[in-house]
Amino acid sequence: MSDKSAAAGTAPTTVRAAGGLVTLEGVVAVGFAIVLVVRGLLGHDQSATSGYGTAAWFGILGGAVLAAGIGLLLGKRWGRAIAVIAQLLLLPVTWSLLTDSHQPVYGTVLGVVAVAALVLLFAPPSTRWMAQDYGVEPE
């Protein structure tokens, strides 16, 4: 990131790219919540799990992740903390999909997206951008 863009406070490309990935994760989670609600309204069997409860879980968490992704796309620093926590929480989900759940395709896709987002969020331009508010020049 150049000094001119740093002075203007605009988010670097790495932050915006991470914001795109995080937004995608949020859209998928909220979309899944909607599917679960629709299935429940259509009377699908819900004896094994509560479709509405799971929908609420995915809606709330997915909504927060979606908000963080949009925040990063708009250059808001607060989105980074939520995004980092979400990616770290998705790593064990990735492992579970790859091993116990026997879903290697989903596990691989999720793992690639989560690791890519973390790499982008901790890339040097992203770190410099985050440090601007604190008056610290990272090395």
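Preceding this section is the structure that the text describes.
The notes below deal with the structure included here.

Conventions and cut-offs
- Residues numbered from 1 in each chain as written.
- Predicted model: local features only at pLDDT ≥ 70, side-chain atom pairs only at ≥ 80, totals over all residues.
- Heavy atoms only, no water.
- Helix = DSSP H or I, 4+ residues; strand = E, 2+ residues; numbered from the N terminus.
- Expected span 1.5 Å × (residues − 1).
- Contact = heavy atoms within 4.5 Å.
- Phe/Tyr/Trp six-rings, centres within 6.5 Å; stacked < 30°, edge-to-face > 60°.
- Buried < 20%, exposed > 50% of the residue type's maximum accessible area, 1.4 Å probe, protein only.
- Lys NZ or Arg CZ within 6 Å of the ring centre and 35° of its normal.
- Core = buried A, V, L, I, M, F, W, Y, C linked by side-chain atoms within 4.5 Å.
- 1 Å grid on protein atoms, 1.4 Å probe; cavity = no way out; pocket = protein on both sides within 12 Å on 5 of 7 lines; lining within 4 Å.
- Points joined across faces, edges and corners; volume = space filled by probe spheres on them.
- Nonpolar A, V, L, I, M, F, W, Y, C, P; charged D, E, K, R; others polar.
- Patch = residues over 30% accessible without salt bridge, like charges linked within 9 Å, V, L, I, M, F, W, Y side chains within 5 Å.
- Areas by Shrake-Rupley, 256 points an atom, 1.4 Å probe, with all protein chains shown as cover.
- Salt bridge = Lys/Arg side-chain N within 4 Å of Asp/Glu carboxyl O.
- Axes fitted to C-alpha atoms, helices over the stretch in contact; angles between N-to-C directions.
- Parallel < 35°, antiparallel > 145°, perpendicular 65-115°, else oblique.
- Left-handed = near helix turned anticlockwise from the far one by under 90°.

Details of helix 3 (residues 51-73)
And then number 1: For helix 3, built from 23 residues, the straight-helix expectation of 33 Å at 1.5 Å per residue is met to within 8% by its first-to-last C-alpha distance of 31 Å.
And then number 2: On its buried face, helix 3 is in contact with helix 2 (13-41), helix 4 (78-98) and helix 5 (104-121).
And then number 3: Within two residues after helix 3, G75 carries a phi angle of roughly 80 degrees, on the positive side.

Observations concerning the packing of aromatic side chains
And then number 1: By the definition in use, this model includes 1 aromatic pair.
And then number 2: Ring geometry for F32 and F58: centres 4.8 Å apart, planes at 75 degrees, overall edge-to-face. Taken as a pair, F32 in helix 2 and F58 in helix 3 lie far apart in primary sequence, 26 residues in all.
And then number 3: The partly exposed category is assigned to F32, whose relative accessible area is 38%.
And then number 4: The ring of F122 carries R80 above its face, with NZ or CZ at 4.7 Å from the centroid.

Concerning the nonpolar core
And then number 1: Among the nonpolar cores identified, the biggest contains 14 residues, and V15, V22, L72, A83, L121 and W129 are the most heavily contacted of them.
And then number 2: At the level of elements, helix 2, helix 3, helix 4, helix 5 and helix 6 (124-131) are the ones that each hand at least two residues to this core.
And then number 3: Those residues in contact with L121, other than ones at most four positions away along the chain, are A18, L72, R80, A83, V84 and S126.

A closer look at the layout of surface pockets
And then number 1: Computed from the structure, the largest pocket encloses a volume of approximately 880 Å³.
And then number 2: Lining of the largest pocket is provided by 23 residues; of these, E25, A29, F58, L90 and L110 occupy positions nearest its centre.
And then number 3: When residues of the lining of the largest pocket are traced back to their parent elements, those giving at least two are helix 2, helix 3, helix 4 and helix 5.
And then number 4: Sort the elements by how many residues they give to the lining of the largest pocket and helix 4 lands first, with 7 residues.
And then number 5: Tallied by class, residues from the lining of the largest pocket come to 20 nonpolar, 2 polar and 1 charged.

Description of a nonpolar patch on the surface
And then number 1: A cluster of nonpolar side chains, L88, L91, V115 and V119, forms an exposed patch at the surface whose accessible area comes to about 320 Å².
And then number 2: Looking at the nonpolar patch, the elements that each hand over two or more residues are helix 4 and helix 5.

Some thoughts on the side chain of T14
And then number 1: Mapped onto the elements, T14 comes out in helix 2.
And then number 2: T14 has contacts with L120, A123, P125 and S126, leaving out every residue within four places of it along the chain.

A look at the environment of W95
And then number 1: Take W95: it is sitting in helix 4.
And then number 2: Residue W95 is classed as exposed on the basis of its relative accessible area of 58%.
And then number 3: For the pair formed by W95 and T108, sequence separation is 13 residues and the distance between their alpha carbons is 9.0 Å.

Brief notes about the packing of helix 3 against helix 4
And then number 1: One way to put it is that helix 3 packs onto helix 4 with a least axis distance of 8 Å and a crossing angle of 135 degrees. Comparing their axes, helix 4 and helix 3 come out oblique. Considering the relative orientation of helix 3 and helix 4, their crossing is left-handed. Here helix 3 contributes A64, V65, A67, A68, G71 and L72 to the contact with helix 4, which in turn contributes W78, G79, R80, I82, A83 and A86.
And then number 2: Residue composition of the contact of helix 3 with helix 4, by class: 9 nonpolar, 2 polar and 1 charged.

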